[in-house]
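Structural description and commentary
Each chain, written out:
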Amino acid sequence: MRTDSGSPPKPGEVSLAHQGVLFLDELAEFSRYVLDSLREPLQSGEVTISRAGYQTTYPAQFQLIAALNPSPCGQFDGTLESCRSTPDQILKYLNKLSGPLLDRIDLQVEVPRETQSLRALDAQHKPTPQSPQIRNQVAACHVKQRERQGCLNAELTTQAVLEHSQLSKADHTFLVEVVEKLGLSHRAFYRTLRLARTIADLDDATSVGRRHLAEALSYRALDRLLEQLKKL
């Protein structure tokens, strides 16, 4: 490696999070350039740094967890009455998150206001799963996937995920139609299907059914928000 033309590259936050979690708070406050630089490691599990005369690749297999407000004022809940920002201002704010980056974020969940969460919790009176129970479910799911296909669902190729999902013709059409309605990409189609396969595994189902697809699609909160803003 040459060192006579600039300082040598060093591992950054992405590589330091290898085999761990990278948490980004207020995601839309980062520059678009910084956010788009996450696309390569999220896809390949590596990050390549190039300098004049040399190039270095670091491992970067991490789980990305991020949080953001739905608008610059932080008050948008689907209606303009609750918000101090215009639809154009909200779109400009959220457009820092490019389509290719959103494609790589499989679980996009809307967190309701605290008062709504407390009301829902009071109304349901359902016991929440504890960490040991969840850990056992995940471990059993991993064993099932390795026995079926020799790897985890996250490692399946596009052809393999189609094969192991065993979608009916009607359910395949359903998924295609929803993907087209939301304006999702080819990559998002397969990532949604891969997530639905995991949901089916947790449900102890041999094949992916309509309810598994519907749940996987329900985790595209940002895509639905962007589609909603275009209509305001």
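Please refer to the structure higher up on the page.
Procedures and definitions
Residues numbered from 1 in each chain as written. Predicted model: local features only at pLDDT ≥ 70, side-chain atom pairs only at ≥ 80, totals over all residues. Heavy atoms only, no water. Helix = DSSP H or I, 4+ residues; strand = E, 2+ residues; numbered from the N terminus. Contact = heavy atoms within 4.5 Å. Buried < 20%, exposed > 50% of the residue type's maximum accessible area, 1.4 Å probe, protein only. Pairing = 2+ DSSP bridges. Phe/Tyr/Trp six-rings, centres within 6.5 Å; stacked < 30°, edge-to-face > 60°. Salt bridge = Lys/Arg side-chain N within 4 Å of Asp/Glu carboxyl O. Arc of directions from axis to C-beta.

Turning our attention to the environment of V208. Counting through the fold element by element, V208 comes out in the loop between α10 (186-202) and α11 (210-218). V208 sits 144 residues away from L64 along the chain, and the two C-alpha atoms are 26 Å apart. With residues near it in sequence (within four places) discarded, V208 still touches S165, Q166, L167, D171, A196, R197, A200 and L213.

Judged by which residues are buried, strand β1 (residues 21-24) turns out to be one-sided: L22 and L24 face inward and are buried, whereas V21 and F23, on the alternate face, are not. Pairing geometry for β1 and strand β4 (residues 63-66), over 4 bridges, is parallel. If you follow F23 over to β4, its bridge partner there is I65.

What follows concerns the environment of Y58. Its place among the elements puts Y58 in strand β3 (residues 54-59). According to the relative accessible area criterion, Y58 is buried, its value standing at 16%. For the pair formed by Y58 and G12, sequence separation is 46 residues and the distance between their alpha carbons is 9.4 Å. Other than its neighbours up to four places away in sequence, Y58 contacts P9, K10, P11, S15, E46, V47 and I49.

Between two aromatic rings, the relevant description is the distance of the centres plus the angle of the planes. Summed over all chains, the structure comprises 1 aromatic pair. Between F189 and Y190, the aromatic rings sit 5.0 Å apart at their centres with planes inclined by 80°, giving edge-to-face as the arrangement. For F189, a relative accessible area of 10% translates into the label buried.

Inspection of every chain in the model, using the stated rule, returns 10 salt bridges. With its nearest N and O atoms 2.8 Å apart, the salt bridge here joins R148 to D201. Linking R148 in helix α7 (residues 131-149) with D201 in helix α10, this pair joins segments that are 53 residues apart in sequence. What makes R148 partly exposed here is its relative accessible area of 27%. Accessibility expressed as a relative area gives 2% for D201, which makes it buried.

Further remarks concern helix α8 (residues 158-165). All of the buried residues in α8 are A160, V161, H164 and S165. Buried residues of α8, viewed axially, fall in a sector of 130°; they line one side. Turned more than 90 degrees away from the buried face of α8 sit Q159 and E163, all of them exposed. On its buried side, α8 packs onto α7 and α10. Looking one or two residues beyond α8, the residue adopting positive phi is Q166, at roughly 55°.

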